[in-house]
Amino acid sequence: MRQVISVLTEDHPGVLCRIVGLIFRRGYNVESLSVGRIGETGISRFTIVFNGDRESARQIMSQLRKLIEVIDVDILSQGEFVERELSLIKVNAKSQNRPEVLQLVDVFRSRVVDVGEEGLVLEVTGNKEKINACIKVLSPYGIKELVRSGSVAMRRVGFNGG
Amino acid sequence: MTGAEMILRCLELEGVEVAFGIPGGAVIPIYDELYKRKSFKHVLVRHEQSAAHAADGYARASGKVGVCIATSGPGSTNLVTGIATAYMDSVPMVAVVGQVARSFMGRDAFQETDIIGLTLPIVKHSFKVSSVSEIYRVIRGAFYIAKTGRPGPVLIEIPLDVQREEGVWREEEISFKGYNPNGFVSLDDIPKAVEFMKDAERPVILAGGGIIISGATRELLALAEKLEVPVATSLMGKGAFPEEHRLSLGMAGMHGTPAANKALCEADLIIAVGLRFSDRSVGKHEKFATSAKIIHMDYDPAEINKNVKAHAYLIGDAKKTLKELLEAVSELKLEKGRKEWLEKIVSWKEEFKIELEKSGPVRPWYVIRSAWELTKGEALVTTEVGQNQMWAALYYKVKGPRRFITSGGLGTMGYGLPAAMGASLADPSGKPVLNISGDGSFMMSVQELDTCARYNLPVKVLLLNNRSLGMVRQWQELFFEKRYSETIYSREPDYVALARSLGAQGWTVSEASQVRDAIERALETPGPVVINFVIPQEEKVFPMMVPGTTLDNVITQENLGRR
């Protein structure tokens with residue numbers, strides 16, 4: 001089962017090693033990991049995706065909480081959450097088929113972030129499935145380079161009494 | 001004020017009495033400052049691994065934080081086994097290591113090693129000091145983290161130039177955003193636990209090292225006596241409950257007593273306190289006590305349901321949790337009593353009788369029983385790892401906490417002798433410390449006899465010498481059709497001459513009739529002593545649970561031939 005965990009930490013060098021090492025040595029493969037500083041100075045938020053059952057997610061949460069620099073841990077996949085990934089795709093698109101490519105990627109609400117003689121760089125955001133689909137559609141034209149951010153995720157707001 | 005001066009001042013403020021270490025290029029300023037200030041006793045050991053083990057032994061015997069110091073590179077890597085040992089057994093320790101100057105870092109400089117990276121999985125936390133202004137917070141913080149909550153080792157890496165750097169001494173409040181050692185208390189299940197205790201007909205308490213760490217032995221005794229519940233301990237729990245008490249079952253586990261293991265197998269309720277259900281204590285987790293309800297009490301919430309599923313759990317310091325529980329059961333009256341259950345337990349205890357042969361070859365249990373009698377069960381005992389450790393655990397009955405010191409989790413051979421050094425420095429009475437040892441383990445830290453001699457430490461090594469790596473040899477005999485691959489030594493050192501050359505006394509005993517006299521003589525002799533007890537090579541530790549099975553799947557001397 002896919003587990004998505006959100007971890008709030010102090011922004012210290014080495015925190016990443018502690019977190020990844022802790023998951024790795026329990027035999028779980030990290031599928032995706034993204035991290036960035038958030039508003040408050042000195043605080044980072046990790047989104048970690050790995051495969052495991054409910055109990056393994058709970059165990060990893062408990063172990064992560066023991067790290068001195070970890071402020072909070074939340075298992076997002078055991079509740080409602082929103083998840084996004086960003087991808088940059090460098091695709092072959094010479095002038096003759098460029099309109100066709102642009103039309104296709106419009107379906108994925110993609111934006112062009114760079115353009116050149118040989119092709120385009122596109123930005124796509126969405127969940128994993130959407131990005132996979134976009135890559136599939138672009139493959140026939142020839143993808144020259146691809147980068148994916150990994151998931152960032154957040155618990156849903158919800159409605160009181162709803 | 002220089003960084004080194006600040007370091008020493010912080011250690012003074014922490015009340016450090018003794019530190020174990022070896023100086024080296026990257027810690028000379030710290031040692032130079034120690035030379036001037038004489039802040040605490042420094043024990044110059046013969047190997048950094050021993051510095052860590054000695055700090056660990058000191059911590060376990062005293063309950064205080066153990067301190068070791070090593071230089072960068074090999075000095076720091078030599079600490080690794082000692083740090084891992086402390087981590088596995090939740091021992092409070094602060095390891096101060098030097099590092100090359102900041103400008104040399106990352107250039108593979110002489111004696112540079114990424115010790116923080118190397119120790120990441122085996123420390124409670126680690127600090128890299130990158131400026132003199134961080135020293136106060138880091139060192140005071142390291143002690144705070146090491147000793148609070150579930151204790152553990154903390155490593156501090158200090159570059160050489162930071163030790164020399166001038167800075168301004170400034171004291172500050174120490175706190176860490178994500179660290180609240182008392183933040184995880186959960187006692188909601190107390191009513192459920194009380195209900196379980198009321199209904200149980202065959203309850204057993206399984207006590208672990210957490211009882212000793214939190215100083216909860218009195219509360220444990222009160223609970224056991226109030227509810228008439230027999231108590232088994234893990235290896236780490238030895239000393240949590242007086243082993244001569246009528247309710248004591250002794251140690252449970254792979255080499256546990258029949259009474260402890262049978263009681264756990266037949267129990268309908270297991271009250272586990274300060275225990276992580278190590279495989280060595282309970283066997284195969286999925287098959288452990290499947291018909292019993294389990295109440296798990298631990299300080300560390302990550303331990304709940306990690307190895308064994310709990311039907312009720314209480315999270316918090318064992319002493320406080322047990323107090324709450326005692327309060328909750330104060331009105332409880334046992335309707336049926338435990339007569340039948342306790343009688344059964346007495347009969348199991350009767351089964352485990354050993355023959356003390358007072359003549360002929362030296363039997364290991366006779367050595368340990370004799371030592372136990374001659375020290376009235378009050379000695380501070382350390383052990384090495386292997387057969388010697390299990391014999392010690394089975395036959396040296398411990399009266400109270402912090403008197404039986406052994407590497408439980410990591411199982412570190414070579415631990416006992418340096419730990420005995422540390423433990424003897426923690427005990428102001430100056431009474432002898434017994435290190436129960438095998439010849440395999442003994443040779444892994446033998447150089448520390450010299451340290452014991454230099455500081456005149458009363459460490460008495462009871463060397464159970466079977467000229468082999470006995471526990472592996474035992475496994476090879478039982479499970480590998482006697483293919484003794486690389487476990488038997490073709491020659492042995494002259495242990496008496498070795499002891500003497502390192503400044504200790506030593507003698508050899510090869511007759512059971514000489515055992516008691518030899519131990520008495522050792523106890524009366526000042527300083528370190530090695531008694532080389534020549535035991536039969538084929539001696540084994542029984543009972544033994546068949547590895548990977550359940551506690552009732554046991555090999556004994558009697559059923560050995562039938563297997």
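Residue indices follow the written sequence of each chain, beginning from 1 at its first position. Chains carry letters and ligands carry numbers; both start at the beginning, A for chains and 1 for ligands, and go up in the order they are written. The predicted origin of the model limits local features to residues at a pLDDT of at least 70 and limits the giving and counting of side-chain atom pairs to 80 or more, whereas totals for whole chains, interfaces and linings rest on all residues. Note that water and hydrogens are dropped before the side-chain values are worked out from all heavy atoms of the structure.

The next point concerns the overall build of chain B. The helix and strand tally for chain B stands at 23 helices and 20 strands. In this description the radius of gyration comes from C-alpha coordinates, and the expected globular size is given by 2.2 Å times residues to the power 0.38. Against the 2.2 N^0.38 benchmark of 24 Å for 563 residues, chain B shows a C-alpha radius of gyration of 24 Å, consistent with a compact globule. Reported as C-alpha extents along the three principal axes, the dimensions of chain B are approximately 70 × 60 × 45 Å. Every one of the 563 residues in chain B was classed for burial, and the buried ones make up 61%. Throughout, a residue-residue contact means that at least one pair of heavy atoms, one from each residue, lies within 4.5 Å. The contacts of chain B with a sequence gap of at least 6 include a subset with a gap of at least 24, amounting to 76%. None of His or the chain ends enter the tally, which takes Lys and Arg as positive and Asp and Glu as negative. Every charge is mapped to an atom, namely NZ of Lys, CZ of Arg, CG of Asp or CD of Glu. When the 66 positive and 68 negative side-chain charges of chain B are each reduced to one mean point, those points stand 1 Å apart. Helix numbers and strand numbers start at the N terminus; a helix is a DSSP run of H or I with at least 4 residues, a strand a run of E with at least 2. Summary of the burial criterion: residues with accessible area below 20% of their type's maximum are buried, those above 50% are exposed, and those between are partly exposed, where the area comes from a 1.4 Å probe applied to protein chains only.

Now for the side chain of T550(B). Residue and element names in this part refer to chain B. With respect to the helices and strands, the residue T550 is situated in the loop between β19 (544–545) and β20 (554–555). The exposure class assigned to T550 is buried, which follows from its relative accessible area of 18%. Setting aside its immediate chain neighbours within four residues, T550 contacts K287 and M545.

Our focus in this paragraph is the environment of L314(B). Residue and element names in this part refer to chain B. Looking at where L314 falls in the secondary structure, it is placed in strand β12 (residues 312–315). Classification of L314 by relative accessible area gives buried; the value is 0%. Between the C-alpha atom of L314 and that of H296, which follows or precedes it by 18 residues, the distance is 6.4 Å. Contact partners of L314, with chain neighbours within four places excluded, come to S186, L187, D189, I190, H296, M297, D298, T321 and L325.

This next bit is on the confidence of the model for chain B. Confidence scores per residue from the predictor, reported as pLDDT, run from 0 to 100. Looking at chain B, the pLDDT average stands at 95 and 99% of residues meet or exceed 70. With a pTM of 0.95, the predicted complex shows an ipTM of 0.90.

Turning our attention to helix α12 (residues 258–266) of chain B. By the burial criterion, the buried members of α12(B) are P258(B), A259(B), A260(B), N261(B), A263(B) and L264(B). Taken together, the buried residues of α12(B) touch β7 (203–207), β8 (231–233), β9 (248–251), β10 (269–273) and α15 (339–351) of chain B.

All names here are of chain A. At a minimum axis separation of 10 Å, helix α1 (residues 15–24) and helix α2 (residues 54–66) run at an interaxial angle of 145 degrees. Handedness of the α1/α2 crossing: right-handed. On α2, the residues that touch I19, L22 and I23 of α1 are I60, Q63 and L64. Each residue is assigned to one class: nonpolar for Ala, Val, Leu, Ile, Met, Phe, Trp, Tyr, Cys and Pro, charged for Asp, Glu, Lys and Arg, and polar for all the others, Gly among them. Residues belonging to the contact of α1 with α2 are distributed by class as follows: five nonpolar, one polar and no charged. Here an angle of 0 to 180 degrees is reported between the N-to-C directions of two axes, which are lines fitted to C-alpha atoms, with helices fitted over the stretch in contact. Handedness of a crossing is defined here by the sense of rotation of the near helix relative to the far one, left-handed for an anticlockwise turn of less than a right angle and right-handed for a clockwise turn.

Below, the discussion takes up the sheet that holds strand β17 (residues 505–509) of chain B. Residue and element names in this part refer to chain B. Two strands are said to pair when DSSP picks up at least two bridges between them. The strand order β14-β13-β15-β16-β18-β17 describes an open sheet built from six strands, whose pairing is parallel. Every interior strand has two partners, whereas the edge strands, β14 (404–405) and β17, have only one. Pairing analysis gives four bridges linking strand β13 (residues 380–383) to strand β15 (residues 433–438), with the strands arranged parallel. If you follow V381 over to β15, its bridge partner there is L434. Running over the sheet, helix α18 (residues 416–426) touches β13, β14, β15 and β16 (459–465) and is turned about 155 degrees from β13.

Residues and elements named next belong to chain B. The length a helix should cover is 1.5 Å for every residue beyond the first. Its 15 residues give helix α3 (residues 48–62) an end-to-end C-alpha distance of 21 Å, which sits within 8% of 21 Å, the value for a rise of 1.5 Å per residue. Burial analysis of α3 places 14 of its 15 residues in the buried class, which makes it a mostly covered element. G63 sits one or two residues past α3 and shows a positive phi near 80 degrees.

What follows deals with a nonpolar patch on the surface. All names here are of chain A. On the surface, a cluster of nonpolar side chains totalling about 220 Å² of accessible area is made up of L88, V113 and V147. Looking at where V113 falls in the secondary structure, it is placed in strand β6 (residues 111–115). For V113, a relative accessible area of 41% puts it in the partly exposed group. Only residues whose relative accessible area exceeds 30% and that form no salt bridge are eligible for patches; like-charged ones are grouped when within 9 Å, while nonpolar side chains (Val, Leu, Ile, Met, Phe, Trp, Tyr) are grouped when within 5 Å. Method for areas: the Shrake-Rupley scheme with a 1.4 Å probe, in which residue coverage is limited to the protein chains shown. We define a salt bridge as a side-chain nitrogen of Lys or Arg found within 4 Å of a carboxyl oxygen belonging to Asp or Glu.

Attention shifts here to the interface of chain A and chain B. The interface is formed by 18 residues belonging to chain A together with 20 residues belonging to chain B. Take the accessible area each of two parts loses on contact, using a 1.4 Å probe, and add the two losses: that sum is the buried area. Summing both sides of the interface, chain A and chain B together bury roughly 1500 Å²; the carbon and sulfur share of this comes to 54%. For the chain A face of the interface with chain B, the top three residues by lost area are R18(A), K66(A) and I68(A), together amounting to 41%. At the junction of chain A with chain B, the criterion picks out one salt bridge. Polar contacts, as used here, are pairs of N or O atoms within 3.5 Å; protein pairs need one atom able to donate a hydrogen and one able to accept it. Residues neighboring in sequence count only if both atoms are side-chain atoms. Where chain A meets chain B, there are four residue pairs in polar contact (both at pLDDT 80 or more). Breaking the side of chain A that touches chain B down by element, the ones donating at least two residues are α1, α2 and β4 (70–75) of chain A. For the side of chain A that touches chain B, the element with the highest residue contribution is α2(A), accounting for seven residues.

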